[in-house]
Amino acid sequence: MKKPSAKQIEAEIETLRTMKPTVLMESRFGDNHHDAIDAQIDVLMNGMTEDNVYDACENDGLKDNVKDAMLEAAQWVNGESEDGTPSNGWKELVRK
């Protein structure tokens, strides 16, 4: 996958913001999906790298699901995602 353009990143941020209220808030395991989406938006807005994500998780004690979501966003920005955009991962959790 090619690295997304600035326009594509902005569109993904908007997609995540729009999608967030429709996504189930918590998993059966108590993982907060909204926190993970907010973290992905933060990664995209601030151009965080995977190293930045690991540093943030180590310093802030973030939950694994949030860290994984952040890494997914950083990998997408670097053109390394095999799963497409970060919002693709949330589609199955959208409440109709």
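Preceding this section is the structure that the text describes.
If you're wondering where the values come from, they're calculated on a predicted model, not measured in any experiment.

Calculation criteria
Residues numbered from 1 in each chain as written. Predicted model: local features only at pLDDT ≥ 70, side-chain atom pairs only at ≥ 80, totals over all residues. Heavy atoms only, no water. Salt bridge = Lys/Arg side-chain N within 4 Å of Asp/Glu carboxyl O. Helix = DSSP H or I, 4+ residues; strand = E, 2+ residues; numbered from the N terminus. Buried < 20%, exposed > 50% of the residue type's maximum accessible area, 1.4 Å probe, protein only. Lys, Arg positive; Asp, Glu negative; His and termini not counted. Contact = heavy atoms within 4.5 Å.

Asks: Please give an account of the pattern of salt bridges that cites residues and values.
Replies: Within this structure, the stated rule accounts for 1 salt bridge. For K20, the salt bridge identified is with D38, shortest N-O distance 2.8 Å. Within this pair, whereas K20 is found in the loop between α1 (6–19) and α2 (33–46), its partner D38 is found in helix α2, the two being separated by 18 residues in sequence. Classification of K20 as partly exposed rests on a relative accessible area of 21%. Among the residues examined, D38 registers a relative accessible area of 34% and is labelled partly exposed.

Asks: Can you tell me about the side chain of E12, naming the residues and giving the values?
Replies: Residue placement: E12 occurs in helix α1. Summary of buried charges: E12 has no salt-bridge partner, and the nearest side chain of opposite charge, K91, is 7.9 Å away. Once residues within four sequence positions are removed from consideration, E12 is found in contact with L44, W76, T85, P86 and S87.

In short, shape yes, function no, at least from these values alone.
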